[in-house]
Amino acid sequence: MDLSLFQKPQINLSRSTPLRMRLVSVCALLAIFESSLGDSGHSFLIALAAVLGMAGTELLFNLKQQNFSIKDSSAIASALILTLFLPNTLNPLYAFLGGIFAMAVLKHSFGGLGSNWVNPAAGAWLFIRSAWPVAFNRSIEDNHLMRLSASLEGGLRDSLGSPLTLLMINGWSSSPLDNKLSSFFNQTIFNFTGSSLPSGYLALFSSNGPGIIADRGLFFLVLGTILITASQCFRFWLPAVFIFVYSLLIRIFGALPFGGSFWEGDVIFALFSGGTLAAAFILVTDPATSPKSTPGYAVYIALCAVFTFLFRYPGLDPYGAVTAVLVGSALVPLIRRLENAWYYEKRKLL
């Protein structure tokens, strides 16, 4: 008898858990470092508070089991991931309380690492946003994405065509460096495609205004995602599926909320804002809260991409990527049932 037929392979475990957690932590730290350069280190204070809340709670639970360490680094990685999706002006106390909730309720009450049904960082983010909505919204009320959503809700959308146009109306300006770099790319890379890159996009990589830390540290975050992908922290096709499905939806329907037409959506803006890259490369690649087969995982990621589009564009939630992953995680038990019925059970009969 081939016992491998009865095993449910963890298709996303290219590296050991401790190594994977440390690589993800480095990726998050890079973005947090970049964000902290523009807010006098406040981003680091939020990260420190989240680490203290999660690591401290994890240690307390481990002490009950006479385990005096947190050497798998999962608590620290979860704390840094949570930090990526928090506003940089948020009171660190909320990050600390969110960290306690993540470890005590979302992780250990379900049995610890690998038994939690939802990513602890995403769940903690939802807890903070739901428990203290006024404080959360106040900390990002002057953010360009929030102003963008407010303008759309107010009816300012006719004939704009793209979010960048509306941002320009709301005071988003391109710097001289932005103009020079855009001109350089247009004369070199984009010249061969017959297209051009308008000024203003590169400002996404140097935002010093209030916003979530993943967006403020976007340049280093991109470097971090390259690092964890090259280190085989996960299968490379996982974020690729998310980006493909999400980009296709944006391209087809993304201009409609701005008064544009089909196939005119701004893919660049959609990918490099709202913490989308952090969700694609970190949240949806979490093996503990995902299906186990390749087809099941592909379906899960595609659903997360669809929900991200729906929440961010028709739903006008700038940070809907995290909510989308949470909804996708809620559907994982159903996907796993379908895996058992359509995938593993059929393989047993072969």
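Our subject is the structure listed above.
Residues numbered from 1 in each chain as written. Predicted model: local features only at pLDDT ≥ 70, side-chain atom pairs only at ≥ 80, totals over all residues. Heavy atoms only, no water.

Peer 1: Which residues make up empty space enclosed by the protein, and what are the values?
Peer 2: A full pass over the atoms with the stated rule returns three cavities of 30 Å³ or more. When its volume is computed, the largest cavity comes out at roughly 110 Å³. Surrounding the largest cavity, Leu-145, Leu-148, Ser-149, Leu-152, Pro-163, Phe-258, Phe-269, Arg-312, Tyr-313, Leu-316 and Pro-318 form its lining. In the lining of the largest cavity, the residues fall into nine nonpolar, one polar and one charged. When its volume is computed, the second largest cavity comes out at roughly 40 Å³. Residue lining of the second largest cavity: His-144, Leu-204, Ser-207, Asp-215, Phe-272 and Ser-273, and that is the complete set. Looking at the lining of the second largest cavity residue by residue, the classes come out as two nonpolar, three polar and one charged. (1 Å grid on protein atoms, 1.4 Å probe; cavity = no way out; pocket = protein on both sides within 12 Å on 5 of 7 lines; lining within 4 Å. Points joined across faces, edges and corners; volume = space filled by probe spheres on them. Nonpolar A, V, L, I, M, F, W, Y, C, P; charged D, E, K, R; others polar.)

Peer 1: Hey, could you go over helix H7 (residues 144–153) for me, with residue numbers and the actual values?
Peer 2: When we look at burial in H7, the residues that qualify are His-144, Leu-145, Leu-148, Ser-149, Ser-151 and Leu-152. Taken around the axis of H7, the buried residues stretch over an arc of 160°, which confines them to a single face. The N-cap of H7, judged by a side-chain oxygen 3.0 Å from the amide nitrogen of Leu-145 a few residues on, is Asn-143. (Buried < 20%, exposed > 50% of the residue type's maximum accessible area, 1.4 Å probe, protein only. Helix = DSSP H or I, 4+ residues; strand = E, 2+ residues; numbered from the N terminus. Arc of directions from axis to C-beta. Polar contact = N/O pair within 3.5 Å; in protein donor to acceptor, adjacent residues only side chain to side chain.)

Peer 1: Run through the packing of helix H12 (residues 237–253) against helix H15 (residues 294–312), naming residues and quoting values.
Peer 2: Where H12 meets H15, the axes come as close as 9 Å, and the angle between the chain directions of the two elements is 35°. With respect to the hand of their crossing, H12 and H15 are arranged in right-handed fashion. Of the residues in H15, those in contact with Trp-237, Leu-238, Val-241, Phe-242, Val-245, Tyr-246, Leu-249, Ile-250 and Phe-253 of H12 are Thr-294, Tyr-297, Ala-298, Ile-301, Ala-302, Cys-304, Ala-305, Val-306, Thr-308, Phe-309 and Arg-312. Of the residues belonging to the contact of H12 with H15, the class tally is 17 nonpolar, two polar and one charged. (Axes fitted to C-alpha atoms, helices over the stretch in contact; angles between N-to-C directions. Left-handed = near helix turned anticlockwise from the far one by under 90°. Contact = heavy atoms within 4.5 Å.)

Peer 1: Could you give me a rundown of the environment of Ser-247, with the residues and numbers involved?
Peer 2: Relative to the elements of secondary structure, Ser-247 occurs in helix H12. On the accessibility criterion, Ser-247 (15% relative accessible area) is buried. Along the backbone, Ser-247 and Ala-305 are 58 residues apart, and their C-alpha atoms lie at a distance of 8.8 Å. Setting aside residues up to four positions removed in sequence, Ser-247 forms contacts with Val-267 and Leu-271. At 2.6 Å, the side chain of Ser-247 forms a polar contact with the backbone oxygen of Ile-243.

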